[in-house]
Protein chains: 4
Amino acid sequence: MKVLITGFDPFGNEHINPSYQAVQLLELEKKEIELVKKELPTVFARSIKVLDRTIKEVKPDIVIATGQAGGRYDISVERVAINLIDAGIPDNDGDQPLDEKIFKDGENAYFSSLPIKAIVKKLREKKIPASVSNSAGTYVCNNLFYAMLYLIDRKYPDIKGGFVHVPYLPEQVLTKRNTPCMSLNDIVTALQIIVATACTTKKDILLIDGKIC
Amino acid sequence: MKVLITGFDPFGNEHINPSYQAVQLLELEKKEIELVKKELPTVFARSIKVLDRTIKEVKPDIVIATGQAGGRYDISVERVAINLIDAGIPDNDGDQPLDEKIFKDGENAYFSSLPIKAIVKKLREKKIPASVSNSAGTYVCNNLFYAMLYLIDRKYPDIKGGFVHVPYLPEQVLTKRNTPCMSLNDIVTALQIIVATACTTKKDILLIDGKIC
Amino acid sequence: MKVLITGFDPFGNEHINPSYQAVQLLELEKKEIELVKKELPTVFARSIKVLDRTIKEVKPDIVIATGQAGGRYDISVERVAINLIDAGIPDNDGDQPLDEKIFKDGENAYFSSLPIKAIVKKLREKKIPASVSNSAGTYVCNNLFYAMLYLIDRKYPDIKGGFVHVPYLPEQVLTKRNTPCMSLNDIVTALQIIVATACTTKKDILLIDGKIC
Amino acid sequence: MKVLITGFDPFGNEHINPSYQAVQLLELEKKEIELVKKELPTVFARSIKVLDRTIKEVKPDIVIATGQAGGRYDISVERVAINLIDAGIPDNDGDQPLDEKIFKDGENAYFSSLPIKAIVKKLREKKIPASVSNSAGTYVCNNLFYAMLYLIDRKYPDIKGGFVHVPYLPEQVLTKRNTPCMSLNDIVTALQIIVATACTTKKDILLIDGKIC
C-alpha cells in the first residue's frame with residue numbers, strides 16, 4: 001500500500017510550518033506501507049498543480065494532506081472541503097482571491113474519504129488530543145483539500161484522501177499570549193497513527209463527539 | 001417585502017435559547033418590511049417540517065433562521081450548510097443520528113444566499129462583533145440551514161435564505177467559567193440590522209476577514 | 001453614606017476606556033447614597049496623587065476604583081493588591097517602571113475591604129457574569145488599587161475600599177478575534193449593584209467559587 | 001549546591017498530576033547540583049508539614065515547588081503567594097477552608113526569591129512557552145508556596161524558594177474541549193532549565209512581559 005503525505009511551507013508571519021516539519025520526521029513501523037513525502041507551496045494555484053502531478057507520478061492508494069491551523073488545540077481531522085477561496089491574507093505568491101470558486105464545475109463540497117472517526121479514536125487511545133473538524137477554513141488548506149477530492153472524483157476514483165490540521169509548535173507561540181500548541185514529537189506520532197489507521201480501516205466507526213457547533 | 005425569521009427552543013442543559021428570545025423582541029423601523037416570526041423545535045425531523053409548512057403558508061421573500069452557538073464570541077453569519085447530521089447530544093425528541101445525510105438526493109453543501117459580508121460589515125459599523133462562519137456544526141442548526149437551502153433549491157427558487165448563530169446570553173454563562181456571551185439587547189439590534197441589510201442589499205460586497213482557519 | 005467611584009482614561013491602543021464610561025453613566029436609585037465620580041489618568045504616579053487629593057476633599061465612606069481588563073470575560077472583583085509595578089507597556093505619561101515597589105514602606109500586599117463575595121453573588125443574581133479575581137495585574141490598575149489600600153491603612157482608617165475590573169466593550173473587540181466583551185449597559189448595572197452592595201453589606205459572605213488557579 | 005524540588009499528587013477529577021510526574025523524570029546534566037525530590041499530598045495542612053520536615057532534613061539551598069495549573073497555556077513562574085486559603089474544591093483529605101489565613105502572623109504576601117524573569121527568558125530561549133504569573137490561586141498550590149516563603153522568612157533565611165505551575169498533560173485534555181496542554185517531555189525539560197537557572201543566576205533580570213492584567 002502506498003501513501004502520499006504532504007505538508008506546506010511556512011506562510012503568514014511564521015518562519016516554520018509544523019505540518020511539513022512533522023512529515024519530514026515521519027517514519028513508519030509497518031514496512032508494508034510505502035510512504036512518499038511532498039512539501040507543497042502555500043500558494044492557491046501552484047499547490048494544486050504540484051499535488052496533481054505528484055499523484056500522477058506516485059500513484060498512491062491514499063493521499064493525506066496536512067497543514068498548520070494556528071490557534072487550534074488538537075489534531076483536527078477535517079471532514080469536509082468547500083468550493084470556496086476567501087483569503088484572509090495573501091498566499092506565498094501574493095495572491096489573495098476573495099469569494100471565488102476553486103473549480104467552477106466542482107460540487108459545492110466534498111467529504112473526506114478517510115476514516116476520520118476511527119482516526120480520532122485511535123489518536124485519543126494513544127493520548128493525543130484530536131477531534132473531527134467541520135471546517136478547513138477558506139485559505140490554501142481548504143483549497144488543496146477541495147482540489148484533492150475534486151481530482152479524486154474526476155480522475156483518480158480509486159484513491160482515498162483527506163486532510164489533517166495540526167496546531168502551532170511550542171516555539172511558534174512563545175510571544176503569542178494564551179495560544180495552544182502541540183509538541184513536534186506528538187504531531188509526528190499523530191501522523192504515524194493517522195497513516196496506519198487510514199491504511200487498515202475498512203469502514204469508519206460511529207463516534208459521538210459531543211460538539212454542537 | 002416579507003421576511004420569515006425563525007429561532008429555536010432551548011436544548012441541551014439550557015433553560016433558554018437566545019435565538020428565539022431575540023426574535024420575539026425584534027421590531028423593525030422600516031414599515032415596508034413585513035416580518036413573520038416562528039419558533040422551531042430543536043428536533044431534526046420536525047424543525048424541517050415546520051419550516052417547510054411555514055414557508056408555504058407565509059410565502060416570504062427572505063428566510064432568516066437563527067440558533068444558539070454556545071461558546072462563540074460574536075454574531076456568526078453562516079456561509080455554508082453541509083449535508084450531514086452528526087449529533088453530539090440528543091435533540092429535544094431524543095433522536096441522535098450519527099453521520100447521516102439530511103437529504104439523500106441533496107448536494108453535499110449549499111451556500112447561503114444572504115449578503116453575508118455586507119451583513120458583517122453593517123453589524124461592525126453598528127459596533128456589534130460579527131464575523132462570517134464557515135461551519136454551522138452538524139447538529140439541528142446545520143440540519144435546518146441545509147434543509148432550508150435544499151427546499152429553496154427544489155421548491156422555492158425565488159426565496160433568499162440564510163442562517164445566523166448567536167452567542168449565549170450573560171445569564172447562561174454565570175456558572176460557566178471563561179465563556180463569552182452577548183447581551184440580549186445587542187442580539188436584537190443585530191437581528192434588526194441583519195433583516196434590513198438582507199432586504200436592501202442587491203449584491204454582496206468583498207470583505208477581507210483575516211481568518212485563515 | 002458617601003461613595004467615591006473612579007474610572008481610568010483610555011490607554012494602550014484603545015480609544016475608549018469602559019471603566020470611566022460606565023462610571024459616567026452611573027445613577028443610583030437609593031437617594032441616601034451620595035456618589036462622587038472621578039476620572040483618573042492611566043499614569044502610575046499621577047493617578048495616586050489625584051486619588052489621595054480627591055479622598056481628602058470628598059471624605060468618602062467607601063472608595064471603589066474601576067479599570068479595564070481587556071480579555072477578561074466577566075466583572076472581576078479584585079481581592080488583593082500587590083506592592084509591585086511591572087509595566088508591560090508605558091503609561092499615558094510614557095513611564096514604564098519594571099519590577100519596582102509602589103511604596104517602599106508598604107506591606108507586600110493589601111486585601112480589599114469590600115464585601116467581594118457578596119458583590120459577586122448579587123451580580124450573578126442579577127444575571128451579570130462576575131467572579132472574584134486574585135490578581136489585578138502589575139500595571140496602573142494594581143498600582144492604584146494598592147495605593148488606595150496603603151493610603152487607607154496609613155491615613156484613612158475608616159474608609160472601605162476596593163477595585164473592580166471590567167471587560168472590553170463590544171466596540172473594542174470588533175477587529176480582535178475571539179475576545180470577550182460586555183455591554184456598557186451591563187457594566188453600568190454592575191456598578192449600581194456593586195455600590196449598593198458595598199454600602200449595605202456589614203459582613204462578607206462565604207461563597208465557594210470553584211476556581212483552583 | 002542542593003536543590004529540593006517538589007510536586008503534588010493528583011487531585012480533583014484527575015488521575016495524574018503532571019507536576020510530580022515531571023519531577024520524577026527530572027535528571028540534571030550538571031553534577032555539581034544535588035537534587036532531592038519529594039512528592040507532596042494535595043492537602044492544605046499536611047503538605048506544609050511535609051515540606052517543613054523535608055527542608056529540615058535535606059537542608060537545601062534552593063526549594064522549587066511545582067503544581068498543576070489546569071487550563072494554563074504555559075509554564076507559569078509564580079511571582080507572589082498570598083496569605084489566603086479559599087478552596088474551590090476539597091483537598092485530598094476532604095478539607096475545604098474558605099477565606100482563611102494560612103498563617104495568622106504571616107505577611108499578607110511574600111514574593112518568590114527565585115530569578116523568575118531570568119527563568120522565563122531561558123525557557124523561551126529553549127523554545128518552551130513560559131511567563132511570569134501574578135497569582136498562584138487560593139488552593140493548595142498557593143498555600144504551599146506561601147508556607148514555603150513564610151518558613152524561609154522565619155526559620156530558613158539562607159534558602160531561596162519559589163513555585164512553578166505546569167499545564168495539563170495531553171492525556172488529561174482528551175475529553176476536555178479547547179483546553180491547552182504541554183507534553184511531559186517539555187515539562188521535564190522546563191524543570192531542568194528552571195533548576196539550572198535558579199542555581200546559576202545571581203541577580204534577576206528586567207524582562208518586559210507585555211501583560212497588563
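Our structure is the block above this text.
Residues numbered from 1 in each chain as written. Chains lettered and ligands numbered in written order. Predicted model: local features only at pLDDT ≥ 70, side-chain atom pairs only at ≥ 80, totals over all residues. Heavy atoms only, no water.

Chemist: Even after reading the chapter, I still don't get the overall build of chain A, so can you show me in this structure?
Modeler: The number of helices and strands found in chain A is five helices and eight strands. Mapped from its N terminus to its C terminus, chain A presents α and β elements in the order β-α-β-α-β-β-β-β-α-β-α-β-α. By its C-alpha atoms, chain A is 45 × 40 × 35 Å across when sized along the principal axes. A total of 213 residues make up chain A; the buried ones form 63% of that total. When contacts within chain A are restricted to residue pairs at least 6 apart in sequence, those whose partners lie at least 24 apart make up 79%. Counting only carbon and sulfur atoms, one obtains 48% of the accessible surface of chain A, whose full area is about 8400 Å². The average position of the 28 basic charges and that of the 27 acidic charges among the side chains of chain A differ by 5 Å. (Helix = DSSP H or I, 4+ residues; strand = E, 2+ residues; numbered from the N terminus. Buried < 20%, exposed > 50% of the residue type's maximum accessible area, 1.4 Å probe, protein only. Contact = heavy atoms within 4.5 Å. Areas by Shrake-Rupley, 256 points an atom, 1.4 Å probe, with all protein chains shown as cover. Lys, Arg positive; Asp, Glu negative; His and termini not counted. Charge placed at Lys NZ, Arg CZ, Asp CG, Glu CD.)

Chemist: Is there a simple way to explain the relation of the copies chain A and chain D in this structure?
Modeler: Copy one and copy two of the chain differ by a rotation about a common axis and a shift along it. Placing chain A over chain D gives an RMSD of 0.0 Å and needs a rotation angle of 180°, together with 0.0 Å of translation along the axis. Such a combination of rotation and displacement between the chain copies is what one expects of a two-fold axis. Within chain A, the C-alpha atom positioned nearest to the axis of rotation is that of Pro180 of chain A, 2.7 Å from it. Same-surface contact between copies: 100% of interface residues of chain A are shared with the interface of chain D. (Least-squares fit on C-alpha atoms with pLDDT ≥ 70 in both.)

Chemist: Before we go on, may I ask you to explain the pattern of salt bridges in this structure?
Modeler: For side chains bearing opposite charge, pairing can occur when the charged atoms are close. The final tally for this structure, using the stated rule, is 56 salt bridges over all chains. A salt bridge links Lys121 of chain A to Glu125 of chain A, with the nearest nitrogen and oxygen atoms 3.1 Å apart. Separated by four residues within a single helix, Lys121 of chain A and Glu125 of chain A lie in helix α3 (residues 116–125), roughly one turn from each other. Classification of Glu125 of chain A by relative accessible area gives partly exposed; the value is 45%. The partner of Arg79 of chain C in a salt bridge is Asp86 of chain D, with the nearest N and O atoms 3.0 Å apart. One end of the pair, Arg79 of chain C, is in the loop between β4 (75–78) and β5 (80–82); the other, Asp86 of chain D, is in the loop between β5 (80–82) and β6 (109–111), on a second chain. Taken as a pair, Arg79 of chain C and Asp86 of chain D share a single burial class, namely buried. Among the ionic contacts, a cluster of salt bridges with common partners joins Arg79 and Lys117 of chain A together with Asp86 and Asp99 of chain B. (Salt bridge = Lys/Arg side-chain N within 4 Å of Asp/Glu carboxyl O.)

Chemist: What am I meant to see in the interface of chain A and chain D here?
Modeler: In this complex, chain A contributes 18 residues to the contact, which on the side of chain D involves 18 residues. The interface formed by chain A and chain D includes two salt bridges. For the salt bridge of Lys127 of chain A with Glu171 of chain D, the shortest nitrogen-to-oxygen distance reads 3.4 Å. Counting the contacts that link chain A with chain D gives three residue pairs in polar contact (both at pLDDT 80 or more). (Polar contact = N/O pair within 3.5 Å; in protein donor to acceptor, adjacent residues only side chain to side chain.)

Chemist: It is not clear to me how the sheet that holds strand β3 (residues 62–68) of chain C should be interpreted in this structure. Could you clarify?
Modeler: Pairing between the strands of a sheet comes from backbone hydrogen bonds, and it takes one of two forms, parallel or antiparallel. Residue and element names in this part refer to chain C. Here we have six strands laid out as an open sheet, ordered β2-β1-β3-β8-β4-β7, and mixed in their pairing. Of all strands in the sheet, those with a lone pairing partner are β2 (34–40) and β7 (130–133), marking the two edges. Shown here is a sheet whose adjacent strand axes are inclined to one another by a mean of 25°, direction ignored. Pairing geometry for β4 and β7, over four bridges, is parallel. Directly across from Val77, in β7, lies its bridge partner Val132. Each of β4 and β7 touches helix α3 (residues 116–125); the most contacted strand, β7, lies at about 160° to it. On top of the sheet, helix α5 (residues 184–200) reaches β1 (2–8), β2, β3, β4 and β8 (160–166); it is set at about 155° to β3, its chief contact. (Pairing = 2+ DSSP bridges. Axes fitted to C-alpha atoms, helices over the stretch in contact; angles between N-to-C directions.)

Chemist: Mind showing me how you'd approach unusual backbone geometry here?
Modeler: Leaving glycine aside, a negative phi is the common case for residues, and trans is the common case for peptide bonds. Despite not being glycine, Lys127 of chain B has its phi angle at roughly 70°, a positive value. When you line up the elements, Lys127 of chain B lands in the loop between α3 (116–125) and β7 (130–133). Residue class for Lys127 of chain B comes out partly exposed when judged on its relative accessible area of 43%. If you check the backbone angles, Asp99 of chain D has positive phi at about 50° while not being a glycine. Looking at the element boundaries, Asp99 of chain D is found in the loop between β5 and β6. Residue Asp99 of chain D is classed as partly exposed on the basis of its relative accessible area of 29%.

Chemist: I tried to follow the packing of α3 of chain C against α5 of chain C on my own but got confused; where do I start?
Modeler: The relative placement of two packed helices comes down to the angle between their axes together with the axis-to-axis distance. Residue and element names in this part refer to chain C. One can describe the packing of α3 onto α5 by two numbers: an axis separation of 9 Å at closest approach and a directional angle of 140°. Taken together, α3 and α5 sit at an angle that is classed as oblique. Like other packed secondary-structure pairs, α3 and α5 cross with a definite hand, here right-handed. Where α3 approaches α5, its residues Ala118, Ile119, Lys122 and Leu123 are matched on the opposing element by Ala190, Ile193, Ile194 and Thr197. (Parallel < 35°, antiparallel > 145°, perpendicular 65-115°, else oblique. Left-handed = near helix turned anticlockwise from the far one by under 90°.)

Chemist: Would you mind showing me how to read the side chain of Glu78 of chain B here?
Modeler: Residue and element names in this part refer to chain B. Considering the arrangement of structural elements, one finds Glu78 in strand β4 (residues 75–78). With a relative accessible area of 0%, Glu78 lands in the buried category. At 2.8 Å, the side chain of Glu78 and the side chain of His165 are in polar contact. Aside from chain neighbours lying at most four places away, what touches Glu78 is Arg72, Ser112, Ile116, Ser133, Asn134, Ser135, Ala136, Phe145, Phe163 and His165.

Chemist: What exactly am I supposed to notice about the packing of aromatic side chains here?
Modeler: We describe a pair of aromatic rings using the distance from one ring centre to the other and the angle between the two ring planes. Under the criterion given, the structure shown has 26 aromatic pairs over all chains. With a centroid separation of 5.5 Å and 85° between ring planes, the pair formed by Phe44 of chain D and Tyr139 of chain D is classed as edge-to-face. One end of the pair, Phe44 of chain D, is in helix α2 (residues 44–58); the other, Tyr139 of chain D, is in the loop between β7 (130–133) and α4 (140–154), and 95 residues separate them in sequence. Here the aromatic rings of Phe145 of chain D and Phe163 of chain D are separated by 5.7 Å at their centres, their planes lie at 35°, and the arrangement is tilted. Taken as a pair, Phe145 of chain D in helix α4 and Phe163 of chain D in strand β8 (residues 160–166) lie far apart in primary sequence, 18 residues in all. No difference in accessibility class separates Phe145 of chain D from Phe163 of chain D, as the two residues are buried. Connected via pairs of aromatic rings, a cluster forms that spans Phe103, Tyr110, Tyr146 and Tyr150 of chain A. Against the face of Tyr168 of chain A rests Lys176 of chain A, its NZ or CZ located 4.4 Å from the ring centre. (Phe/Tyr/Trp six-rings, centres within 6.5 Å; stacked < 30°, edge-to-face > 60°. Lys NZ or Arg CZ within 6 Å of the ring centre and 35° of its normal.)

Chemist: Would you take a moment to explain the environment of Gln21 of chain B for this structure?
Modeler: Residues and elements named next belong to chain B. Its place among the elements puts Gln21 in helix α1 (residues 18–25). The partly exposed category is assigned to Gln21, whose relative accessible area is 24%. Spatially, the C-alpha atoms of Gln21 and Tyr168 are 11 Å apart, while their sequence positions differ by 147 residues. For Gln21, the residues in contact, after removing those within four places along its chain, are Ile16, Leu169 and Leu184.

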